[in-house]
Amino acid sequence: EGGPGGQPGEGGGPGGQPGEGGGPGGQPGEGGPGGQPGEGGGAGGQPGEGGAGGQPGEGGGAGGQPAEGGNYPEGQGEGAEGALTPDSAGPVEGAILVKVDQPPPSGQEAQYTQDDLKEKKHVSFKGKAVCGCGDKLVLRVNKFLGPNAKPSKDDLITTLALDSEGEYTLLLPKDDNPIAIELLVDSNGDGLPSRGERFAVIEEGGKMIPSDDREALSLDATEREFDNQAPE
């Protein structure tokens, strides 16, 4: 006896609300536009347990979350409203500014010093480091990590300390594996990323490969709104 497109009972149609409520224009009990009096809800809306964006008890409509499980990594608490969105984390294509939230793993050391690389087969990356500050800077080269990868103390490939902003030449081991380059504003002067410090990072979505020399790689760590938080 429900309205157009709706079903009485336990399932909710798109736009329905948990509990006694009906969908847009629909009324509990009496039925909405186009619905039939009795148990039906309004057009597209249903009384019962589930609705769009709501949290159903036993099965929801479009955008709702089932009582157990779901298509998204995290659910919302009971009674919360609004459809969930899937995890949109992905590789960074351009240079961004990040706030250090979680320092690197304890005991992390670079695999190579710049002097070591002079004796190895290497490539040169040249560019400009900008911070709009008087702090010391550190260029840090890490292995590229995808969205679901966990950092380790073996990720750091090499570093280059800079006394101030300006042009730089960074040596890297010649390789076919992707990297990420960070420009750390080393506010406390310890040479390491510390909680609350900031860095610019460029990784080109996993396409930055140190197989050839490169130039004009600008890293801007000028203080501004952060693009995101450093991954934990």
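Before going into details, it helps to say that this report is about the structure given with it. (Residues numbered from 1 in each chain as written. Predicted model: local features only at pLDDT ≥ 70, side-chain atom pairs only at ≥ 80, totals over all residues. Heavy atoms only, no water.)

Helix and strand content of the chain: one helix and nine strands. The linear arrangement of helices and strands in the chain, starting from the amino end, is β-α-β-β-β-β-β-β-β-β. Buried positions account for 37% of the 232 residues belonging to the chain. Contacts spanning at least 24 positions in sequence make up 70% of the contacts within the chain whose residues lie at least 6 apart. Of the accessible surface of the chain, which amounts to about 12,700 Å², a share of 45% is contributed by carbon and sulfur atoms. (Helix = DSSP H or I, 4+ residues; strand = E, 2+ residues; numbered from the N terminus. Buried < 20%, exposed > 50% of the residue type's maximum accessible area, 1.4 Å probe, protein only. Contact = heavy atoms within 4.5 Å. Areas by Shrake-Rupley, 256 points an atom, 1.4 Å probe, with all protein chains shown as cover.)

Evaluation of the coordinates by the stated rule reveals one disulfide. Residue pairing for C131: its cysteine sulfur links by disulfide to C133, the two sulfurs lying 2.1 Å apart. Across the S-S bond linking C131 and C133, the dihedral sits near -105°, which makes this disulfide left-handed. (Disulfide = S-S within 2.5 Å.)

Below, the discussion takes up the side chain of S194. Position of S194 relative to the elements: it lies in the loop between β6 (179-186) and β7 (198-202). Looking at S194, its side chain comes within polar contact range of the side chain of N188, at 3.0 Å. With sequence-adjacent residues up to four places away left out, S194 is seen in contact with V100 and N188. (Polar contact = N/O pair within 3.5 Å; in protein donor to acceptor, adjacent residues only side chain to side chain.)

As a further point, take the packing of aromatic side chains. According to the stated counting rule, one finds zero aromatic pairs in the structure shown. One residue, R214, lies across the ring of F125, its end atom 5.8 Å from the ring centre. (Phe/Tyr/Trp six-rings, centres within 6.5 Å; stacked < 30°, edge-to-face > 60°. Lys NZ or Arg CZ within 6 Å of the ring centre and 35° of its normal.)

Glancing now at the sheet that holds strand β8 (residues 214-220). An order of β5-β2-β8 is seen for the three strands of this open sheet, with the pairing classed as mixed. Each edge of the sheet is formed by a strand with only one pairing partner; in this case those strands are β5 (166-173) and β8. Between one strand axis and the next, the sheet turns through 30° on average, direction left out of account. In the sheet, strand β2 (residues 122-130) pairs with β5 via eight bridges, with the strands oriented antiparallel. When the bridges of β5 are listed, F125 appears paired with L170. (Pairing = 2+ DSSP bridges. Axes fitted to C-alpha atoms, helices over the stretch in contact; angles between N-to-C directions.)

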